[in-house]
Amino acid sequence: MTVRDNPMQEIVKNAGKEIQGRGFLKKLNAYATNGGDDYIIDDQEKEWINSALTRLVDYYDRVGDPDDEYWTQYSSCKISDDLAVIVEFNVKQKKKTADKNNQSWFLLAVAAALYLPDEESDKEHDTEDKEAIGKFCAILQAVKSQFVRRFVMNCRGSGKFECSCFSAAKKLLNHRIDPNKDMSRELSSDIAYGDKEFKEKFKKYKAKLKPTKQSKKVLADRRIVTYMLVSLSWKKDRSSQEVYPSECPWRHTKNDNSADVQVEHILPQEPVKEGDDSNEFQCRWCMDDCTCTDQTWSHFSQRAREEYTQRLGNLTLLSGDTNSRLSNACWECKRKAYRTQELCWNKEIAEKKCWDCWSIATRQTQMAELAVQVWPGK
């Protein structure tokens, strides 16, 4: 399979940045069927363009639906998981709800139309197929990296990113950029910060995981943080992929409260308060053999808790069952639990004699060093 010459190149080139999302496709279709006499030479070419538009619309719907059966043929590339991550970022980006009215999905639809086969296939992809699929995956990874970087830098709502995606789509259609080499630079053309700024911001990044709220945005936050922790653990130790074979564990469970994986706050969000019944507290994990002298985490001041509880360096991943049993347990109880976990990060955490502000900051600094490699910029 070779990259297709797309008859929409000239139309997209002249469409204008003011046309957004699905409205963009509707106007293109109207242009092709009614108002394109200056461009469309005859009925045959009109049919050709309409066919291309239909194909693009199909891919536009598919990239917004990671569960579409079409993506099952790319299970080894984990395309559907990557699309699921982008969907969650869109939930966070939109004020009301995620929809398909954004240029990042349009860019991915254009890339899919250029590089992926037309129909579902059970056949093994040949060398040319794999090369073309690799280009689509490179574009997908670049989009995902930009979402993470803008999320951490708190500039994810920038309309300039939409313009960058639209510009990249036009250049793809005109074969003016190399998906493997140029896409990251093209998508970050509207921002001034680089790896240094991203790393510094990542060192202080705080999640927004509120235990009592389960809105769509809070759920999206939890899923995004889960994705980030899994991706970082993969980079740190490849054996982590055996523990978490998907970067989107929530897609492979019945619900987000399943026993498979949950985000764990090492310093609890709600530590045991002075005067609480410690016996009831202890029996949740260690029964009567608790040796910890600080069951209330009193070595963290209120100000320190506010600063460090939601830091990424204070978060790890546990099975849901273990997480619920630990809850607000003391440090010694948590160390015992972490030693039994397969994830290498948890075993490293368990080696520490105490868990304090310095431990959290140091761990997050190590995460930041990995982050610039996992989500490359320009």
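Since the model is a prediction, treat every value here as computed from it, not as a measurement.

> Which residues make up the overall build of the chain, and what values go with them?
Scanning the chain for helices and strands turns up 17 helices and two strands. Residues counted as buried form 53% of the 378 residues belonging to the chain. Within the chain, contacts between residues at least 6 apart in sequence are counted, and of these 75% link residues at least 24 apart. When the accessible surface of the chain is summed, it comes to about 18300 Å², and 46% of that surface belongs to carbon and sulfur atoms.

> Help me get a handle on unusual backbone geometry, residues and values and all.
Even without a glycine there, the phi angle at Lys 78 is positive, about 60 degrees. In this structure, Lys 78 sits in the loop between helix 3 (43-63) and helix 4 (79-93). By relative accessible area, Lys 78 is classed as partly exposed at 30%.

> Please provide a residue-by-residue account of the nonpolar core, values included.
Judged by nonpolar contacts, the single largest core of 80 residues is most densely connected at Leu 107, Leu 172, Phe 202, Met 228 and Leu 312. In terms of residues, this core owes the most to one element, helix 6 (residues 127-152), which gives 12 residues. In this structure, Leu 172 is in contact with Leu 107, Val 110, Ala 111, Leu 114, Tyr 115, Ile 139, Ile 177, Pro 179 and Met 183, ignoring residues within four places of it in sequence. Core analysis: the second largest hydrophobic core is formed by 18 residues, Leu 267, Phe 300, Leu 326 and Ala 337 among them.

> Which residues make up the confidence of the model for the chain, and what values do they have?
Looking at the chain as a whole, its pLDDT mean stands at 76, while 69% of the residues score no less than 70. At the low end of the mean pLDDT range in the chain sits helix 12 (residues 278-282), at 44; at the high end sits helix 17 (residues 357-374), at 95. Low pLDDT, under 50, characterises residues 95-101; the stretch is placed with 18 contacts to residues that sit more than four places away or in other chains. Confidence over residues 278-283 falls short of pLDDT 50; this stretch has 10 contacts with residues more than four positions distant or in other chains.

> Describe the pairing of strand 1 (residues 262-265), naming the residues involved and giving the relevant values.
Every second residue of strand 1 is oriented toward a common face, with Gln 262 and Glu 264 on one face and Val 263 and His 265 on the other, all of them buried. Alignment of strand 1 against strand 2 (residues 315-318), held across four bridges, turns out to be antiparallel. The residue of strand 2 that forms the bridge with Glu 264 is Thr 316.

> If you had to explain the packing of aromatic side chains to someone new, which residues and values would you point to?
In total, this model carries 17 aromatic pairs according to the counting rule given. Ring geometry for Trp 71 and Tyr 74: centres 6.2 Å apart, planes at 50 degrees, overall tilted. A residue is classified by how much of its surface remains accessible, and Trp 71, at 2% relative accessible area, is buried. By relative accessible area, Tyr 74 is classed as buried at 1%. Between Phe 106 and Phe 166, the aromatic rings sit 6.0 Å apart at their centres with planes inclined by 20 degrees, giving stacked as the arrangement.

> Got a sec to walk through the state of the cysteines? Specific residues and values, please.
Counted according to the given criterion, the structure contains zero disulfides. Free cysteine Cys 330: the closest other cysteine sulfur is in Cys 333, separated by 3.1 Å.

> Lay out the pattern of salt bridges in plain terms, naming residues and giving numbers.
As enumerated under the stated definition, the model contains 13 salt bridges in all. Close ionic contact of Arg 149 with Asp 195 constitutes a salt bridge, the shortest N to O distance being 2.7 Å. Of the two residues, Arg 149 is situated in helix 6 and Asp 195 in helix 9 (residues 195-203); the sequence distance between them amounts to 46 residues. A relative accessible area of 2% places Arg 149 in the buried class. A salt bridge links Lys 334 to Glu 264, with the shortest nitrogen-to-oxygen separation between them at 2.9 Å. Within this pair, whereas Lys 334 is found in helix 15 (residues 331-339), its partner Glu 264 is found in strand 1, the two being separated by 70 residues in sequence.

> Provide a residue-level description of the side chain of Arg 311, including the pertinent values.
Topologically, Arg 311 is positioned in the loop between helix 13 (302-308) and strand 2. Side-chain polar atoms of Arg 311 contact the side chain of Glu 307, separated by 2.9 Å. For Arg 311, the contacting residues outside a window of four places in its chain are Lys 203, Lys 204, Tyr 205, Lys 206, Ile 360 and Gln 364.

> Report on the packing of helix 10 (residues 216-236) against helix 17, specifying residues and quantitative values.
Direction vectors running N to C along helix 10 and helix 17 enclose 90 degrees, while the axes themselves pass 10 Å from each other. Compared by their axis directions, helix 10 and helix 17 come out roughly perpendicular. Contacts between helix 10 and helix 17 involve Leu 229, Ser 231, Leu 232, Lys 235 and Lys 236 from the former and Met 367, Leu 370, Ala 371, Gln 373 and Val 374 from the latter. Per-class residue counts for the contact of helix 10 with helix 17 are six nonpolar, two polar and two charged.

> If you had to explain the packing of helix 9 against helix 17 to someone new, which residues and values would you point to?
Following both chains from N to C, one finds helix 9 and helix 17 inclined at 145 degrees, their axes separated by 8 Å at the closest point. Helix 17 is crossed by helix 9, and the crossing has right-handed handedness. On helix 17, the residues touching Asp 195, Phe 198, Lys 199, Phe 202 and Lys 203 of helix 9 are Gln 364, Thr 365, Met 367, Ala 368, Glu 369, Ala 371 and Val 372. In terms of residue class, the contact of helix 9 with helix 17 is made up of six nonpolar, two polar and four charged.

> Outline the environment of Glu 242, supporting the account with residue identities and numerical values.
Tracing the backbone shows Glu 242 in helix 11 (residues 240-243). Take Glu 242: its relative accessible area is 70%, and that puts it in the exposed class. In sequence terms Glu 242 and Leu 343 are 101 residues apart; their C-alpha atoms lie 9.2 Å from each other.

Cut-offs applied
Residue positions are counted from 1 within each chain, in the order its sequence is given. The predicted origin of the model limits local features to residues at a pLDDT of at least 70 and limits the giving and counting of side-chain atom pairs to 80 or more, whereas totals for whole chains, interfaces and linings rest on all residues. By convention in this description, side-chain values take in all heavy atoms of the structure and omit both hydrogens and water. Where helices and strands are cited, they refer to DSSP runs of H or I of at least four residues and of E of at least two residues respectively, numbered from the N terminus. Partly exposed describes any residue whose relative accessible area lies between the buried limit of under 20% and the exposed limit of over 50%, with all areas from a 1.4 Å probe on protein chains only and scaled to the type maximum. By the convention used here, residues are in contact when the closest approach between their heavy atoms is within 4.5 Å. Accessible surface area values rest on a Shrake-Rupley calculation with a 1.4 Å probe, where residue burial reflects the displayed protein chains alone. Among buried residues, those of type Ala, Val, Leu, Ile, Met, Phe, Trp, Tyr and Cys that are joined through side-chain atoms within 4.5 Å constitute a nonpolar core. Per residue, pLDDT measures the predictor's confidence, with a range of 0 to 100. Should DSSP find at least two bridges between two strands, the strands are regarded as paired. Aromatic rings from Phe, Tyr and Trp, with only the six-membered ring used for Trp, were paired whenever their centres fell within 6.5 Å, and each pair was classed as stacked if the ring planes differed by under 30 degrees, edge-to-face if by over 60, and tilted otherwise. Disulfide assignment relies on a single distance test, namely cysteine sulfur atoms paired within 2.5 Å. When a carboxyl oxygen of Asp or Glu lies within 4 Å of a side-chain nitrogen of Lys or Arg, that pair is called a salt bridge. Any pair of nitrogen or oxygen atoms within 3.5 Å is treated as a polar contact; in protein, a donor-acceptor pairing is required on top of that, and neighbouring residues in sequence qualify only through side-chain atoms on both sides. Axis angles are defined between N-to-C directions and span 0 to 180 degrees, where every axis is a line fitted to C-alpha atoms and, for a helix, only to the segment in contact. With respect to orientation, any angle under 35 degrees is reported as roughly parallel, any angle over 145 as roughly antiparallel, any angle of 65 to 115 as roughly perpendicular, and every other angle as oblique. Any residue outside Ala, Val, Leu, Ile, Met, Phe, Trp, Tyr, Cys, Pro, Asp, Glu, Lys and Arg is labelled polar, Gly included; the first ten of those are nonpolar and the last four are charged. A crossing counts as left-handed when the near helix is turned anticlockwise from the far one by less than a right angle, and as right-handed when that turn is clockwise.

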